[in-house]
Amino acid sequence: MKLVSIDKKDWEKGIERLRPRYRLFGPIREKTYHAFQRLDEGQLPDLAFANTRLSPKDIVFPQSKAILECSLDETKADHHIMKSIAGDDTPQLVLGIRPCDASALTLLDLNFNTDEVKDPYWIQAREKTTFFGLACDTPQSTCFCTSVGGGPFDEKGLDVLLVDADDRYLAKILTEKGAAAMQAAGWQDESDANALLERRRGAAEERIRSVVHTDRLKDIDILRLHGAPFWEDISFACINCGTCTYLCPTCWCFDIQDEVHQKTACRMKNWDSCMYPLFTHHTSGHNPRGTKLQRLRQRFMHKLKYFVDKHDAGIMCVGCGRCVHSCPVNIDIRHICNLMNQYSTEDACEAQG
Amino acid sequence: MTHMGIEPDRMHFSWISSAEATKFVVVAKEVTEKVRALGPNKHFIKTEARGAQHV
Amino acid sequence: MSEHIDRIRDIAQRLLAEGRVDMIVGFRKGTLPMMNEPCFIKTPTAVDQLVWDSHCGINLANYLVDRSETIGVIAKGCDSRNIVTHIIENKVDRDKIVIIGVPCHGMVDKRKIQSLADAEIEAVAEQKDQLVVTAGGNEMTVPKKDVLQENCRVCIHRNPVIYDELAGERTEEQSDVDRYADVHEIEALSPDEKWHFFEDLLAPCIRCYACRNACPLCYCPTCFVDESRPQWVGKGQDPTDVRTFHFLRAFHCAGRCTDCGACERACPVGINMRVFTKKLEKDCFEQYGWEAGLTLDERPPLDTYRLEDPQDFIK
């Protein structure tokens, strides 16, 4: 893997060279937190951040997108016939995505790009986007990427990994897409500072304080875990909002809705959350997950058990800590994962007296 | 509503009984003139699907 | 920990041991600084789990509806007013609730505290009316009154208005606070400025509904935003839909909102949600002399008609 040194004096120049070739995205400070935004003319990404409030998955999986449209004007020959809205092929470049969020993209690939199902919107967005990650030097107390197969300098999902080395960035080029972007930016000075990078990686990994155990999840019997006695206690506080789902870089559920605007109609694809009561509401009126306990259990069983059993990719969580930080009632996935991981049927016998 | 930024002259309230035909005419004319003077409403109108604002 | 916690635990233990309640709804220590988690306990030996401090801003009245158990609930001033509203609206049976009232000195806002520190906050310890905040290895002392939640800063009902047990001495109510200073600021703007103010306010909204779900008043089996036949409000990110959700929800809370701040506290993107409801609260107060949830004996203004109801806006 080629290592390139980007003198910070050349940073802005490089970005301006990228601007005509890519639609640029980067973290921007908004009032009290950072968010990934399109970078306007002359705007630089603000890389002095821990992580953004919302994950950057919105860039390749928008929260709200019109996918089909039709005319309702009955004088037109093609009225009421839904047509695809042409996608946009403009290459995109995301500057400053954290390794946890980038590795989440590889988990989303397991859902949106499989042999049986290929989501055209996801695939088009993934193919046109290049990801320049920014390694974490100061993980937060809620970060636990190292517990889930990731790390503050992890490379999964990235085309280039940037490491802040004071007066310069060290850029590790990981893919051809990454190499093309680096060339376009004119960032070509090779570096041999591998040892420095490894030292920084070690120091960052040492700073991770949250540990989450996942080693037994695959082996625990699925039905026994489903019937565990702790669900009632841990689901009590949940208010069934969509905060955890919408902030999570690995959540992928969506809803299709039709909207009418005067003489046109369109079909929208919007994010949805399994925490909402309506998520599993059938047209018959029956709701298999009508209670809060059922929904909360579903969320954590999906992320920490069903996904583990189905794919060989660990848990469906990258340890970014956003849900932990932002849940209004302090439902903590770290605590729940540890509870699930250490659950054994001996505990069940005790609980049942 | 006006607190949200709708112009005060776009919203009018009036008690009119079905027996008060003249009052109805007067109020209808007045409201029409006042609203027409404000021009077309720009607020709370959706004319097309708009996607995410964040990105 | 507040001085109330011992009384709270004693009362909770007694209620459970005597079988007067099936469960106690309160808080247990959270996994993060400045957070506590709403919880329930069902056995007298578990009362030591309960905590009470300045990070108990969540409104526990939100957890009382649609439950069959007899519940002992810990309630501060605003929470108790929401319980009154629940009773008036027939969502909660007075006989199935035992209210453990706690006089409140105001809850602190974790965002305000974080903004005072340069690094992530590691711990916050309480010492009477000061907070000792540890961040980035450094300690600083902050007076609680400087970091109160906005609604607590202007609160005039700190004592519970209804209770079965009282877990502490009644506290003096604040009297010289301007509850509507922020509303007056907006009222002074032109219509265009007002429109842009709200546009700006709602720009970060992600339609997660944390505000709605944290609110004890929002208990509709199907919220108007989730209706589909007919669909009143779009579910996407169109600014018109986002704004409609917020102002219509505020209207549904008109005359009922107790300014508990749960909505603002819950919002993951920090929107000052109370800006909507404060205006309606001000109008109810000035036009009907009404404050929500103070007594079980009066019907709310939108429920009743009186000859002296204001009508000079009607031609």
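Residues take numbers from 1 onward in each chain, read along the sequence in its written order. Following the order in which they are written, the chains are lettered starting with A and the ligands numbered starting with 1. The model is predicted, so local features are restricted to residues of pLDDT at least 70 and side-chain atom pairs to those at 80 or more, both for listing and for counting; the totals for chains, interfaces and linings are taken over all residues. As a convention, hydrogens and water are excluded, and side-chain values are obtained from all of the structure's heavy atoms.

Engineer: Explain the interface of chain B and chain C to me, please; I cannot follow it from the model alone.
Structural biologist: Bring the parts together and some accessible area is lost; that lost area is often taken as the interface size. At the junction of the two partners, chain B supplies 24 residues and chain C supplies 28 residues. Taken together, both faces of the contact between chain B and chain C bury some 2300 Å²; the carbon and sulfur share is 61%. A 3.5 Å cut-off defines polar contacts: any pair of N or O atoms within that distance qualifies, except that in protein one atom must be a possible hydrogen donor and the other a possible acceptor, and neighbouring residues in sequence count only when both atoms are side-chain atoms. Across the chain B-chain C interface, the total number found is two residue pairs in polar contact (both at pLDDT 80 or more). Residue polarity is assigned by list, with Asp, Glu, Lys and Arg as charged and Ala, Val, Leu, Ile, Met, Phe, Trp, Tyr, Cys and Pro as nonpolar; anything else, Gly included, falls into the polar class. In terms of residue class, the side of chain B that touches chain C is made up of nine nonpolar, nine polar and six charged. Residues count as neighbours in contact if any of their non-hydrogen atoms are within 4.5 Å of one another. Two parts placed together each lose some accessible area; with a 1.4 Å probe, that loss summed over both constitutes the buried area.

Engineer: Can you walk me through the sheet that holds strand β1 (residues 2–7) of chain A in this structure?
Structural biologist: Residues and elements named next belong to chain A. Here, a strand pair is defined by DSSP locating no fewer than two bridges between the strands. Numbering of helices and strands starts at the N terminus; helices are DSSP runs of H or I of at least 4 residues and strands are runs of E of at least 2. Ordered by their spatial adjacency, seven strands build an open sheet running β1-β9-β8-β7-β6-β2-β3, and the pairing between neighbours is mixed. The sheet terminates laterally at β1 and β3 (33–38), the two strands that pair on one side only. Direction aside, neighbouring strands of the sheet carry axes that sit 25 degrees apart on average. By the bridge criterion, three bridges tie strand β7 (residues 129–134) to strand β8 (residues 160–165) in an arrangement that is parallel. Looking at the pairing, Phe 132 lines up with Val 160 of β8. Across the sheet, helix α3 (residues 120–128) touches β2 (23–30), β6 (92–97) and β7, and the angle it forms with β7 is around 60 degrees. Only the stretch in contact is used when fitting a helix axis, every axis being a line fitted to C-alpha atoms; angles between N-to-C directions are given from 0 to 180 degrees. Against the sheet, helix α4 (residues 176–185) engages β1, β6, β7, β8 and β9 (168–173), with an angle of about 80 degrees to β7.

Engineer: Honestly, the side chain of Arg 212 of chain C in this entry has me stumped. Any pointers?
Structural biologist: Residues and elements named next belong to chain C. In this structure, Arg 212 sits in helix α7 (residues 210–214). Throughout, exposure labels follow a simple rule: accessible area from a 1.4 Å probe, protein chains only, divided by the maximum for the residue type, with under 20% read as buried, over 50% as exposed, and the rest as partly exposed. Exposure remark for Arg 212: the relative accessible area of 7% places this residue in the buried category. Here Asn 213 takes part through its side chain, which lies 2.9 Å from a polar atom of the side chain of Arg 212. Once you skip the residues sitting within four places of it in the chain, Arg 212 turns out to touch Cys 218, Cys 223, Val 225, Asp 226, Phe 245 and Arg 249.

Engineer: Is there a simple way to explain helix α1 (residues 11–18) of chain A in this structure?
Structural biologist: Each turn of an α-helix holds 3.6 residues, which means side chains three or four residues apart point in the same direction. Residues and elements named next belong to chain A. Taken together, the buried positions of α1 are occupied by Trp 11, Gly 14, Ile 15 and Leu 18. Looking straight down α1, one finds that the buried residues subtend no more than 100 degrees of arc, so they occupy a single side. Against β1, β2, β6, β8, β9 and α4 lie the buried residues of α1. Summarising the geometry, the arc corresponds to the directions from the helix axis toward the C-beta atoms.

Engineer: When you look at the packing of aromatic side chains in this model, what are you seeing that I'm missing?
Structural biologist: Geometrically, a pair of aromatic rings is defined through the distance of the ring centres and the angle of the planes. Note on aromatic contacts: the rings of Phe and Tyr and the six-membered ring of Trp form a pair at centre separations within 6.5 Å, being stacked when their planes are under 30 degrees apart, edge-to-face when over 60 apart, and tilted otherwise. Evaluation of the coordinates by the stated rule reveals 24 aromatic pairs over all chains. Ring centres of Phe 112 of chain A and Trp 122 of chain A lie 5.1 Å apart, and the angle between their planes is 35 degrees; this geometry places the pair in the tilted category. Note that Phe 112 of chain A is positioned in helix α2 (residues 99–112) and Trp 122 of chain A in helix α3, a separation of ten residues in sequence. Just as Phe 112 of chain A is buried, Trp 122 of chain A falls in that class too. Taking the centre distance of 5.7 Å and the plane angle of 90 degrees together, the rings of Phe 230 of chain A and Tyr 343 of chain A count as edge-to-face. Taken together, the positions of Phe 230 of chain A in the loop between α6 (222–226) and α7 (231–235) and Tyr 343 of chain A in the loop between α11 (333–341) and α12 (345–351) put the pair 113 residues apart, joining distant regions of the chain. Assessed through its relative accessible area of 12%, Phe 230 of chain A is described here as buried. For Tyr 343 of chain A, a relative accessible area of 4% translates into the label buried. An aromatic cluster of at least three residues, connected via ring pairs, comprises Phe 61, Phe 112, Trp 122, Tyr 246, Phe 254, Trp 271 and Tyr 276 of chain A together with Tyr 209, Phe 224 and Phe 245 of chain C. A cation over an aromatic ring shows up here: Lys 269 of chain A above the ring of Phe 254 of chain A, its NZ or CZ 4.6 Å from the ring centre. The ring of Trp 195 of chain C has Arg 243 of chain C sitting right over it, with the charged end atom 3.4 Å from the ring centre. Any Lys NZ or Arg CZ that is within 6 Å of a ring centre and within 35 degrees of that ring's normal is treated as a charge sitting over the ring.

Taken by themselves, the reported measurements are silent on function.
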